[in-house]
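What follows is each chain in one-letter form.
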Amino acid sequence: MRVVHVKMMVATVLLGSYLVASKLILREVPVFTATFFRLVSAAAVLAVVVWIKSPPTVRPGRRDSAVIFAQALLGVFLFSVFAMYGVKFTGAIEAGVILGMVPISISLVAVLFLRERLSRRRGCGIALAVVGAAGINALSAGGSGGGSNEALGALLLVCAVLCEAVFVTFGKLLSRPLPPTWLSLILSVVGALMFLGPALAETDVAALADVSWQTWALMVYTGVAINAVAVVLMYDSLDRVDATVVAAFTAFTPVSGAVLSVLLLDEKLHVYHLVGMALAAIGIYFVANEKGPRAPEEEPGPDGSDSRTSASDPAAFPPVESPAATGRGSSGGPG
């Protein structure tokens, strides 16, 4: 397994903790407020990193700014709203249906819009990973009894899946790539500004003093671990592998989420959880060990960006807009 695969594995484990942490946070803090503080925490950490490494010389043009805004709106703002309200109305393991379906949506977006090719081996790997992840969630949800709130939660989770697919794949549409930390900083700042108004409207500022330190720590954790570390790792991986490969690895996210749900939320681990985890692991192995041309892993350039091309498939870009030598570390969970 290559270094890029390890990065994606770490990212998916961190993303798996997002729903569990959100379930705990929402016991004391409402959705918009919790997400605002999460994004502010991420922006603060990323700003320090960017300042230490020095800001890149590349500035997004009008087209790239539109792509970044679409990512912020769909992958940060709407994904967070859909995912957090979804997990509020369902269980943490059941809410993993978001990440269990993400590989399908990412692959469809990558094939339809980025013109990536889906090989038979890779397709089988994605299918196994999805079956394992979806099986965990379907059987878990089947034993919960259901209800109108859970139906609403499931609908919100499906919406979050679509938003995550855009977040994961649309970074490859950037014609002038940005380093992953810089791009993640922009998305975190824009996302925080989007959440500021709703957070002020729903929050009693005086009540924040009663929030436990554990919940504050979780909000900071989700900001740093999810929006900073996990997103940067996932964006960086997109420079080295196809989006369909990233799709297979995201299927491991509900597996890690299920384990954390058992450890932190006292939910029960059943046999079908173990079978689903095994299928997801086999699927990831198939994709990670597929033989074929690989993008070279080069050292970062002097401005902190990568020196390789940003797209794993040159056909994904019009010739006049395809970056020549600069690289991007630019995807959905769950933002």
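Residues numbered from 1 in each chain as written. Predicted model: local features only at pLDDT ≥ 70, side-chain atom pairs only at ≥ 80, totals over all residues. Heavy atoms only, no water.

Visitor: Quick one: what's the story with the overall build of the chain, residue by residue and with numbers?
Guide: Of the regular secondary structure elements, the chain holds 11 helices and zero strands. When burial is assessed residue by residue, the chain has 55% of its 335 residues classed as buried. Here the chain displays about 14,000 Å² of accessible surface, and carbon together with sulfur accounts for 70% of that area. (Helix = DSSP H or I, 4+ residues; strand = E, 2+ residues; numbered from the N terminus. Buried < 20%, exposed > 50% of the residue type's maximum accessible area, 1.4 Å probe, protein only. Areas by Shrake-Rupley, 256 points an atom, 1.4 Å probe, with all protein chains shown as cover.)

Visitor: Tell me about the environment of L78, and please be specific about residues and values.
Guide: You can see L78 is positioned in helix 3 (residues 62–89). Classification of L78 as partly exposed rests on a relative accessible area of 24%. Here the alpha-carbon distance between L78 and E164, two residues 86 residues apart in the chain, equals 9.3 Å. If sequence neighbours within four positions are ignored, L78 has contacts with L73 and C163. (Contact = heavy atoms within 4.5 Å.)

Visitor: Could you give me a rundown of the packing of helix 2 (residues 31–53) against helix 7 (residues 180–202), with the residues and numbers involved?
Guide: Each packed pair of helices is defined by two parameters, the angle between the axes and the distance between the axes. In contact at an axis separation of 7 Å, helix 2 and helix 7 are set at 150 degrees when each is read in the N-to-C sense. For the element pair helix 2 / helix 7, the angle class is roughly antiparallel. As helix 2 packs across helix 7, the resulting crossing turns out to be left-handed. Broken down by class, the residue content of the contact of helix 2 with helix 7 amounts to 19 nonpolar, six polar and two charged. (Axes fitted to C-alpha atoms, helices over the stretch in contact; angles between N-to-C directions. Parallel < 35°, antiparallel > 145°, perpendicular 65-115°, else oblique. Left-handed = near helix turned anticlockwise from the far one by under 90°. Nonpolar A, V, L, I, M, F, W, Y, C, P; charged D, E, K, R; others polar.)

Visitor: Can you lay out helix 7 for me, pointing to particular residues and giving the numbers?
Guide: Taking 1.5 Å per residue, 23 residues should reach 33 Å; helix 7 reaches 32 Å between its end C-alpha atoms and fits that length. The sharpest bend along helix 7 measures roughly 35 degrees and falls at L196, with the proline P198 sitting one to four residues further on. (Expected span 1.5 Å × (residues − 1). Bend = angle between axes of the 7 residues up to and from the residue.)

Visitor: Outline the packing of aromatic side chains, supporting the account with residue identities and numerical values.
Guide: Scanning the entire structure with this criterion turns up seven aromatic pairs. The interplanar angle of 65 degrees and the centroid separation of 6.4 Å between the aromatic rings of F32 and Y85 together place this pair among those described as edge-to-face. Taken as a pair, F32 in helix 2 and Y85 in helix 3 lie far apart in primary sequence, 53 residues in all. Each residue in the set F32, F77, Y85, F89 and F195 is aromatic and connected to the rest through ring pairs, giving one cluster. (Phe/Tyr/Trp six-rings, centres within 6.5 Å; stacked < 30°, edge-to-face > 60°.)

Visitor: Outline the confidence of the model for the chain, supporting the account with residue identities and numerical values.
Guide: Of the residues in the chain, 73% reach a pLDDT of 70 or more, and the chain-wide mean stands at 74. Low pLDDT, under 50, characterises residues 293–334; the predicted model gives this stretch 117 contacts beyond four residues in sequence or across chains. (pLDDT = per-residue confidence, 0-100.)

Visitor: Tell me about the nonpolar core, and please be specific about residues and values.
Guide: Grouped together as the largest cluster of nonpolar side chains are 40 residues, with contacts concentrated most on M8 and Y18. Elements represented by at least two residues in this core include exactly helix 1 (3–25), helix 2, helix 3, helix 4 (97–113), helix 6 (148–169), helix 8 (213–238) and helix 9 (243–250). Looking at this core, the element that brings in the most residues is helix 1, giving eight residues. Counting 30 residues, the second-largest nonpolar core is a separate cluster that includes V76, F77, W182 and A228. (Core = buried A, V, L, I, M, F, W, Y, C linked by side-chain atoms within 4.5 Å.)

Visitor: Got a sec to walk through the pattern of salt bridges? Specific residues and values, please.
Guide: On inspection of all chains with the given rule, the structure shows one salt bridge. R63 is paired through a salt bridge with D64; the nearest N and O atoms lie 3.6 Å apart. (Salt bridge = Lys/Arg side-chain N within 4 Å of Asp/Glu carboxyl O.)

Visitor: Give me the lowdown on the packing of helix 2 against helix 3, citing residues and values where you can.
Guide: At a minimum axis separation of 10 Å, helix 2 and helix 3 run at an interaxial angle of 130 degrees. One way to sum up the angle between helix 2 and helix 3 is to call them oblique. Crossing handedness for the pair helix 2 and helix 3: right-handed. Across the interface between the two elements, V31, F32, A34, T35, R38 and L39 from helix 2 touch V76, F77, S80, V81, M84 and Y85 from helix 3. Among the residues making up the contact of helix 2 with helix 3, the classes are represented as nine nonpolar, two polar and one charged.

Visitor: Describe in detail the environment of R176, supporting the description with residues and values.
Guide: Relative to the helices and strands, R176 resides in the loop between helix 6 and helix 7. Residue class for R176 comes out partly exposed when judged on its relative accessible area of 47%. Expressed as a C-alpha distance, the spacing of R176 and D64, which sit 112 residues apart in the sequence, is 7.2 Å.

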